Structures are given as structure tokens and as C-alpha cells.
Amino acid sequence: MLTAIVTLFMPNYYRSEARLLPVESKGLSGNLGGLASAAAAFGVSVPGGDSSDANFVDVLNSRWLKEQLLQTEFQYHIRSWRFGAERIEKGTLYGYLKAENMDRAVLGINAVLIVSRDLKSKVISITAETKSPELSQLIVQRAGKLLEAFLQEKGRTRGGAKAAFAEARLSDARREMDVAEDALRHFLEGNRNFQTSGDPAVRLRGTRLETDLRLRQQLVSTIAMNREQALLEEKNDIPILNVLDPGSLPIEKSGPVRSRIVAWLFLFSGLLAWGWPNREWIKNRLFDGSNAESGEM
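Residues numbered from 1 in each chain as written. Predicted model: local features only at pLDDT ≥ 70, side-chain atom pairs only at ≥ 80, totals over all residues. Heavy atoms only, no water.

Topic: the pattern of salt bridges
For step 1, the next point in the chain: For the structure on display, the rule yields 13 salt bridges.
For step 2, the next point in the chain: Of the charged contacts in the structure, one is a salt bridge between Arg227 and Glu167, with a shortest N-O distance of 2.8 Å. Here Arg227, found in helix α9 (residues 200-237), pairs with Glu167, found in helix α8 (residues 158-190); they are 60 residues apart in sequence, far enough to count as distant.
For step 3, the next point in the chain: Since its relative accessible area comes to 17%, Arg227 is described here as buried. (Salt bridge = Lys/Arg side-chain N within 4 Å of Asp/Glu carboxyl O. Helix = DSSP H or I, 4+ residues; strand = E, 2+ residues; numbered from the N terminus. Buried < 20%, exposed > 50% of the residue type's maximum accessible area, 1.4 Å probe, protein only.)

Right under this line is the structure:
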């Protein structure tokens, strides 16, 4: 009865969960795709057969994302105790955990935020459990947005590397084209009708300058087209988050299970209440039985 009364004052916890669908694998076809699917059914991964979202769990468990989540300010309703009135709380997750420093807060957030990935379906689950239903939902949604921001801003792709190289090469090609234009302009200022000039050297130099300028112009045009193509490839290479469940507002509590606590403690108390008065009998039964067996042997 005392345990039942104590459990009534324990705060309720609420769990919110968001689920992300797997990103389609690229470069898998034919027998390799079937082999990867069959291996995933038994929990075995095939090299090169994983989708581009395989490292999403690592990103969600990274210190960078946890620090960003700890420093985010939330506004939610919470009760000070089990039967207390709800109040509006505004603060960071760092303040909710009441950690002494950032290192302990990063470790403490593991009890609040849990990220997992199913080996068969490859669905990623983001779960948050706190004393406030709204806070649990906000944490889950914020974690998803931070993952999307990481993929868009910090994720390096092959297309992005090509685009960066093409951008640098385009700047050099334009400077070289400007130099070629200046050289041809200076030449034409003194040799406007070089095509009809009687000096073969003048005609040859003018032809070379025109050819060099056309070559530089074609080079700039080609590199610009390659850069645009690389930018399109970069957008295609960035994984897209397909949200199956955005994280709903929990209504029912996830814990604690008070009836289970009372039942286990009742069972333990019953065993203790029976065992203590009969401790001599239990001792004789256990030790005498073991001594008898050793004597027969």
C-alpha cells in the first residue's frame, strides 16, 4: 500500500516518435539488389548494398546535432508534480536536463533521445521521452530538421565537388578570355584591316589572336555548361528525407507502469515475509541437500 501511494506521486513520461522512410539505393540492379534485400532479411549487410541513408543514425547520434538540440529553446506545458497544475515552461533542453556542463548534458540526452534503424525495413525511428508531451514532440521534430539541415549544408557530395572545381576553373577561363580579348583589341587598334595587309606576319598574328579568342570563348561556354550539370547532380546526390510519421503529440503516458511496480514489490515482500520466519528450514533444505549429494558421490 505504501508503494502504491508513492507511485501516485511519480511523474508521468510521454513518448513521441518520428519515422523516416529509407532512401532508394543507387547503383543497385539485377542480382545485387535481390542479394542485398535477401541479406537484409537475415540482418546481414552486403558491401555496396546499403542505401544513402545508412549514416543518418550516426548523424543523429553525433555530438554536433546533440549540442544544437541542447541549445534550442522550447516552449511547452509541464507539471511540477503528479497532481500539480500545468505551467508554461520556456527554456532549452540543457536547462531541462539540469546538467553541470555540456559533456554531461550530451551524455544525459541519450536517456531522452533514442535513434534506431530497422535492419529489414531500414525505417529510421527517432524517439523522445520526457515529462511533457509537447516537449517530446518538439524534440523529435527539431532532430529531424537538424538532420535535414546537415544534409543540405554540410553534406559533401560528388556533384558538389565537381561544381566547386568547375566554378574555380570557370573563373580562370574567364580571366584568360579577358586577356585574349585585350590582346586582340590592342592588335586591332593598329591593324584594323590586317586581313588585306601585305605583310604575312601581320595577317598570321591577327589570325592567331582571333583563333585564341574563339578558343577561350568556347572553353568558357563548355565549363559553364559543366558547372550547371554538376549543380544538378549535386541536388540529385543529396538524400531527401521521406517522413512517414512527423512525431505526433502523445496523449497516453509511456511510463511509469505503476501496477507493475506494485505487483513486483508485492511479490518480493511476500517472498521476504515467508522466507524470513522459515529461514532455518530453507537453510537446512539447501545446505543439507547439497551435503547429502556430495557424500553420496
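Topic: the side chain of Thr130
For step 1, the next point in the chain: Among the secondary structure elements, Thr130 is positioned in strand β5 (residues 124-130).
For step 2, the next point in the chain: Within the structure, the side chain of Thr130 is placed 2.9 Å from the backbone oxygen of Ser132, a separation counted as a polar contact. (Polar contact = N/O pair within 3.5 Å; in protein donor to acceptor, adjacent residues only side chain to side chain.)

Side note on the environment of Ala168
For step 1, the next point in the chain: Counting through the fold element by element, Ala168 comes out in helix α8.
For step 2, the next point in the chain: Along the backbone, Ala168 and Arg227 are 59 residues apart, and their C-alpha atoms lie at a distance of 9.9 Å.

Let's talk about unusual backbone geometry
For step 1, the next point in the chain: One non-glycine residue, Lys98, lies in the positive phi region at around 55 degrees.
For step 2, the next point in the chain: Tracing the chain through its elements places Lys98 in the loop between α5 (93-97) and α6 (102-108).
For step 3, the next point in the chain: Judged by its relative accessible area of 72%, Lys98 falls in the exposed class.
For step 4, the next point in the chain: Non-glycine residue Lys122 carries a positive phi angle of around 65 degrees.
For step 5, the next point in the chain: Classification of Lys122 as buried rests on a relative accessible area of 17%.

A look at a nonpolar patch on the surface
For step 1, the next point in the chain: A surface patch of nonpolar side chains, about 370 Å² in accessible area, is lined by Trp264, Leu267 and Leu271.
For step 2, the next point in the chain: Relative to the helices and strands, Leu267 resides in helix α10 (residues 258-275).
For step 3, the next point in the chain: Look at Leu267 and you get partly exposed, because its relative accessible area is 47%. (Patch = residues over 30% accessible without salt bridge, like charges linked within 9 Å, V, L, I, M, F, W, Y side chains within 5 Å. Areas by Shrake-Rupley, 256 points an atom, 1.4 Å probe, with all protein chains shown as cover.)

Geometric descriptors of this kind do not, in isolation, establish any biological role.
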